Amino acid sequence: MTQAGMGAAQTLDTGTDTVLAETIDGVGVITLNRPQRRNALHVEMYAAVPALLQRFADDDGVGAVVITGAGGAFCAGGDVRDGGSAKLVSTGDPEELVRSRAELLTEHARMVTLLHAMPKVTIAALPGAAVGAGMSIALAADLRIAARSARLVPGWSKLAFSGDFGGAWFLTRLVGPAKALELLIGDSPIDAAAGTELGLFNRVVEDSELPAATLRWAAQIAAGPTYAFAGTKANILDAHRLSLEEALRQESERMVRSGMTQEHRDAVQRWLANAAKTGGKRER
């Protein structure tokens, strides 16, 4: 995703060709790299992507994280052509089989919990379709920027699946339960226009502009104030799980802590300097 005019990119070793990674201008970029299979999920991705997300979460030099797909797709979800559930057919206690498979699937989906909960702002950049678990990964990010040809496709019901990777959880919080159910069981593609209207896409750009537009937006976020942004993200997450009284206590503590940072002191100095230049007139 390196673009002219941006800083020098540092390529990272991901341990697999199915995932690429780099850092550029304070942005950690993860690229699902199976374009010949529309970036369908591969077993090596289940370890590589969470490891990269954790690395970026812990790296003070990274202020924002982008996840995208190589070629003309974001992610086609689970690779059914590689066998899918057929590989899991076996005998034994059915309930034990359910438990073991569910535990494995939950572990594979760890990337969505990291995208959702990590303190850095995460952005999904969609060059094309995000299907099934791929849609879940896109919805797990904090923000989404899409090429005009991109679309979200639930995809599960066509294969008689109920859904995975948190797709229903994220969609319900973004559009509400009734609309989420309609979209999931209807299984119709959600194009850029519909996705924007539903609030699923924050920005839509022309296909050729996606890489540059994504990096500009991500670099702007990465420039900070990163501590304040992390607190803002935490406040929003709390809004889904805490009562107002509990959320206010957490919000207040974060407000005080952000006021103790060098980022805050620098911002105040810039504000005072600007106020002096403008004669104290308030910015609009």
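This section reports on the structure supplied with the text. (Residues numbered from 1 in each chain as written. Predicted model: local features only at pLDDT ≥ 70, side-chain atom pairs only at ≥ 80, totals over all residues. Heavy atoms only, no water.)

Taken together, the 7 strands give an open sheet; going across it, the order is S1-S2-S3-S4-S5-S7-S10, and neighbouring strands pair in mixed fashion. Only two strands of the sheet have a single partner each, and these edge strands are strand S1 (10-12) and strand S10 (203-205). Averaged over all pairs of adjacent strands, the angle between their axes in this sheet comes to 20°, without regard to strand direction. As judged from the 4 bridges shared by strand S5 (residues 121-126) and strand S7 (residues 143-147), these two strands associate in the parallel manner. Counted as the bridge partner of alanine 124 is arginine 144 from S7. Sitting on the sheet, helix H1 (residues 45-58) is in contact with S1, strand S2 (19-24), strand S3 (27-32) and strand S4 (64-69), with an inclination near 175° to S3. (Pairing = 2+ DSSP bridges. Helix = DSSP H or I, 4+ residues; strand = E, 2+ residues; numbered from the N terminus. Axes fitted to C-alpha atoms, helices over the stretch in contact; angles between N-to-C directions. Contact = heavy atoms within 4.5 Å.)

The subject of this paragraph is the pattern of salt bridges. Under the defined criterion, the tally for this structure stands at 11 salt bridges. Between glutamate 253 and arginine 257 there is a salt bridge, with its nearest N and O atoms 3.1 Å apart. A residue pair is termed a helical-turn pair when its members lie 3 or 4 positions apart in one helix, as glutamate 253 and arginine 257 do in helix H10 (residues 244-258) at 4 residues. Within the structure, one salt-bridge network assembled from shared partners comprises Arg34, Arg37 and Asp79. (Salt bridge = Lys/Arg side-chain N within 4 Å of Asp/Glu carboxyl O.)

Formed by 50 residues in total, the largest nonpolar core has its most connected members in Val49, Leu53, Phe74, Leu126, Ile137, Leu152 and Phe165. It is H1 that provides the largest number of residues to this core, a total of 8 residues. In contact with leucine 152, not counting residues within four places along its chain, are Leu126, Ala130, Met135, Ala138, Leu139, Ser188, Pro189, Ile190, Leu200 and Phe201. Core analysis: the next-biggest nonpolar cluster, separate from the first, contains 19 residues, Val66, Ala125, Ile145 and Ile221 among them. (Core = buried A, V, L, I, M, F, W, Y, C linked by side-chain atoms within 4.5 Å. Buried < 20%, exposed > 50% of the residue type's maximum accessible area, 1.4 Å probe, protein only.)

Just geometry here; none of it tells us what the structure is for.
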